[in-house]
Every structure is written in C-alpha cells, then in structure tokens.
Amino acid sequence: MRKIKVKRGLEIPLHGSVENIENIDQISPKFLSVLPEDYFGLKPKILIKEGEKVLQGQPILEDKTNEGFYVRSPVSGEINSINRGEKRALVSIIIKRQTEDNLEFKRSKNLNEELNNSGLWDSFRERPFNRVPCLNSKPDFIFVNACKTDKLDLDPNLIIELESENFLKGLQSLIELADERVYLCSNKAVDTKELPVEQVIFEGNYPSGNSSLHIQNIQPIRKSKRTWTINWQDVIRIGKANVSGRFCFDKYVSIVGPACNEPKVIKTLHGANLDELTAGNILGTARKVSGSLMHGRSGDSYSDFLTRYANQISIVSDEREATFFNWLKLG
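No experiment lies behind these values; they were computed from the predicted model shown.

Here we look at the pairing of strand β14 (residues 227–231)
Next, step 1: Within β14, five of the five residues are buried, which leaves it mostly tucked inside the rest of the structure.
Next, step 2: Here β14 shows a buried face lined by Thr 227, Thr 229 and Asn 231 and a second buried face lined by Trp 228 and Ile 230.
Next, step 3: As defined by bridge partners, strand β10 (residues 125–126) adjoins β14 across two bridges and the pair is classed as antiparallel. Opposite Glu 126, over in β14, you have Trp 228 as the bridge partner.
Next, step 4: As paired strands, strand β11 (residues 141–146) and β14 are joined by five bridges and run parallel to one another. What sits directly across from Phe 141, in β14, is Thr 227.

See the structure below:
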C-alpha cells in the first residue's frame, strides 16, 4: 500500500457536512426519473410510451451507438411523462412508483452479460471521455474511487464498513473482469481481505478525490490500454446483485450544505425526486444541487432528480444579500 499526498489544492470554505451515520433514514420516493444527460455521448432510443406500465429492471432507453446497452427502470410503476427540451432533445422520463418490488434478473455465466442484465453496466465509465463502455469489451485497468470528492462529501469508509461483505463480493467481480489490475483509491485503508487489489491512499485538499488525478499518478492513460472507473457505491451494488440475483438500485445519499437544516445520510433509489428527499430539511430559500457544489447539477421540475453518479445533495442559499455602497467602496 502506498500513499500519495496532493501538495497543492483548494480548501473549499463550506460547512454543513455529515459527521456520523448513526441514524440512516430510508426514503422510498413516489416519483423517480431517468436522465439521459447523465450518460455522456448517449443517443437514446425510447422503448416505452407515456402512460405505459413498467416493471423494475425493464429497459427504458437503448443507446443507438452501443447496441444492447439499456438504461433500466429503477422501480415498477407508470411512465408519468416524457419531457423534451430545445430541439426536441430528451430531458427526462419520469416514473410514478406504484409497487415495491425486488425482482430477479436473468443470470448468465458471462460476467459482461450478467452486469448488463442486472442494470449495472452503466456503473463503469471508460476514460478519457467518461462514456459507458461498449458491451463485450474488457478493461486493462479498473480504478475504484472510494475517496471523498469534496469537503462536504460523506466519508465512504463509514458505509463500506457497513456493507463490507457486498463490497468485497463486488471487488471480486472487478478482479475477474479486469485483464491486468484493479486499483482501490481511498482516503483511509480499507480491509480487502487479501484480495489481489492494489490499494493507494490519497491525502490532501480538492481535487485529491478526483479519478483523473488518481489515474494520472498511478497508471496514466495510454492508447493501447483501456482504463475504466467505478464508484464505491456501484461496487457494493454489484456485490448485492451477485449474491441475491435481484435488481439493486439502492443508493446512500448524504444531504449536506450551508442551507441544510440537518445534515444526514439517507438510503434511497437512483433518480429519486430531490423535493421528496429534502422535504423539511431546507433553511429559507435555497437551491438543491445533485452532486457537489463544484460540478453538480441543478434543474427545473423536469430534471430536478438525483443524477446517476451523484452521492450527495448539496443545499445552498439562493437569497441575495445587498451590501451597502458595494459598488462605491474603495478598491
């Protein structure tokens, strides 16, 4: 195990982070959404119609440039609306949840096929463009990001300790998938039970939790090698699905930020409605950002949902404060 310290970096002056995970609330949202913007380069082919009933794990979209890759429904329910923006670009598909299912997916001896059947193929993103990899392709290197991405982010080690068995099962699948090596990047040591994973600890300010920095310092991108990245939460999901044989769209989300009434961790589903997740936990007039305040997304009623790769919801005040004689001050 080696350590890499980021000497330079940005100390972001924000408050409102989660200190512990003693009480994790479970929120089952009524409305969820599939957001095509989450997938870079996706050319969506819509496979459902407005008002149609869907089951958990049923394909909602297919990528025309990656035939066979499906974005699947996280719940069973009804297609509430299909929303489009400028030039008829698809913005969101909103699903109204009706039943609480935990359905099984089609098992396969081929790991790539099983990951796609379980709706977990989009857990991987191939560098340098962060696109979902082509089906039936294999990586040379896989980078697991188990670092805090910014000051407000939850310490991933706290959840990994709770889900240690599923996390180790997920790592085993990654080892089987990668041709050469799996790198586990974290802020603290993680007990991997002697699995053949190379663990690297990163210390320092932002952007020490950025996957691009990890790749640059450990195994720079080469044209002849395939490099994929995956988030620690998706490793846990792969482990859960592998053990149970059922779809897993669970996600731990930290609700944080300066305008957050009570910073906390909740367990919910992919694409959950932000209004439902933050109800009663906002101080004054505030803006909800899916992800960090550095690179998260804030949308309108059509796209105000938890984005695919976000682990936190950042709440920041939207009130404007007038400063007396601000434009006349010396200097």
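Quick word on helix α3 (residues 164–177)
Next, step 1: Between the first and last C-alpha of α3 there are 20 Å, a value that for 14 residues agrees with the 20 Å anticipated at 1.5 Å per step.
Next, step 2: By the burial criterion, the buried members of α3 are Asn 166, Phe 167, Leu 168, Gly 170, Leu 171, Ser 173, Leu 174 and Leu 177.
Next, step 3: In this fold, the buried residues of α3 make contact with α1 (111–117), β11, α2 (156–162), β12 (181–186), β14 and α5 (232–244).

Things to note about the pattern of salt bridges
Next, step 1: Here the structure, examined in full by the defined rule, presents 22 salt bridges.
Next, step 2: Ionic pairing is found between Arg 226 and Glu 126, a salt bridge with its closest N-O pair at 3.0 Å. Taken as a pair, Arg 226 in the loop between α4 (211–218) and β14 and Glu 126 in strand β10 lie far apart in primary sequence, 100 residues in all.
Next, step 3: The closest approach of N and O atoms between Asp 234 and Arg 308, which form a salt bridge, is 3.2 Å. In this pair, Asp 234 sits in helix α5 while Arg 308 sits in the loop between β17 (286–290) and β18 (312–317), placing the two residues 74 residues apart along the sequence. Each member of the pair, Asp 234 together with Arg 308, is buried.

Structural notes on the sheet that holds strand β4 (residues 44–46)
Next, step 1: One open sheet holds the three strands; their spatial order is β4-β6-β7, and the pairing between them is antiparallel. Two strands close off the open sheet at either side, each with one partner strand: β4 and β7 (70–72). Shown here is a sheet whose adjacent strand axes are inclined to one another by a mean of 30°, direction ignored.
Next, step 2: Where β4 meets strand β6 (residues 59–63), three bridges bridge the pair, whose relative direction is antiparallel. From the neighbouring strand, Lys 45 faces β6, where its bridge partner is Glu 62.

What about the packing of aromatic side chains?
Next, step 1: Going through the model one piece at a time under the given rule, you end up with nine aromatic pairs.
Next, step 2: Clustering of aromatic rings is evident, with ring pairs tying together Tyr 39, Phe 69 and Tyr 309.
Next, step 3: Note that Arg 125 overlies the ring of Tyr 309, its terminal NZ or CZ placed 3.8 Å from the centroid.

Some words on the sheet that holds strand β5 (residues 53–54)
Note on sheets: strands pair through backbone hydrogen bonds, and any given pair is parallel or antiparallel.
Next, step 1: The four strands are arranged β3-β9-β8-β5 in an open sheet whose pairing can be described as antiparallel. Sheet topology places β3 (31–34) and β5 at the edges, where each strand pairs with a single neighbour.
Next, step 2: Relative to strand β8 (residues 76–84), β5 runs antiparallel, the two sharing two bridges. Within β8, the residue paired with Lys 53 across the bridge is Glu 78.

A short note on the nonpolar core
Next, step 1: Among the nonpolar cores identified, the biggest contains 56 residues, and Phe 124, Ile 142, Phe 167 and Leu 174 are the most heavily contacted of them.
Next, step 2: When sequence neighbours within four positions are dropped, the list of residues in contact with Phe 167 reads Ile 160, Leu 184, Val 190, Trp 232, Val 235 and Ile 236.
Next, step 3: By size, the runner-up hydrophobic cluster in this structure holds 14 residues, among which are Ala 259, Ile 266, Ala 272 and Ala 310.

So, the side chain of Ser 314
Next, step 1: Within the element layout of this structure, Ser 314 appears in strand β18.
Next, step 2: Overall, Ser 314 belongs to the buried group, its relative accessible area being 0%.
Next, step 3: Those residues in contact with Ser 314 that sit more than four places away from it in its chain are Val 256, Arg 287, Lys 288, Val 289, Gly 291, Ser 292 and Leu 293.

Brief notes about the side chain of Asn 145
Next, step 1: Checked against the element boundaries, Asn 145 lands in strand β11.
Next, step 2: At a separation of 2.9 Å, a polar atom in the side chain of Asn 145 contacts the main-chain carbonyl oxygen of Gly 209.
Next, step 3: Among the polar contacts made by the side chain of Asn 145, one reaches the side chain of Ser 211 at a distance of 3.0 Å.

Scoring rules and cut-offs
- Position numbers for residues count from 1 along each chain, tracking the sequence in the order it is written.
- In view of the model being predicted, local features appear only for residues whose pLDDT reaches at least 70, and side-chain atom pairs are presented and counted only at 80 or more, with totals across whole chains, interfaces and linings using the full set of residues.
- Each side-chain value is derived from all of the structure's non-hydrogen atoms; neither hydrogens nor water enter the calculation.
- Burial here depends on accessible area, computed with a 1.4 Å probe over protein chains only, as a share of the maximum for the residue type. Under 20% is buried, over 50% is exposed, and the range in between is partly exposed.
- Numbered from the N terminus, helices here are DSSP runs of H or I no shorter than four residues, and strands are runs of E no shorter than two.
- Two strands make a pair as long as DSSP finds a minimum of two bridges between them.
- Helix span is expected to be 1.5 Å times the residue number reduced by one.
- Residues are treated as being in contact if the distance between any of their heavy atoms lies within 4.5 Å.
- Salt bridge, as used here, is a side-chain nitrogen of Lys or Arg placed within 4 Å of a carboxyl oxygen of Asp or Glu.
- Note on geometry: axes are lines fitted to C-alpha atoms, helical ones only across the stretch in contact, with angles between N-to-C directions running from 0 to 180 degrees.
- When the centres of two rings from Phe, Tyr and Trp lie within 6.5 Å, Trp using its six-membered ring, the rings pair. Their planes under 30 degrees apart give stacked, over 60 give edge-to-face, and anything left gives tilted.
- A ring is considered to have a charge above it if a Lys NZ or an Arg CZ atom is located within 6 Å of its centre and within 35 degrees of its normal.
- Only buried residues count toward a nonpolar core. Its members are Ala, Val, Leu, Ile, Met, Phe, Trp, Tyr and Cys residues joined through side-chain atoms within 4.5 Å.
- N or O atoms closer than or at 3.5 Å make up a polar contact, with two conditions inside protein: a donor-capable atom paired with an acceptor-capable one, and, for residues adjacent in sequence, both atoms drawn from side chains.

Fair warning: the whole summary comes from geometry, so function is off the table for now.
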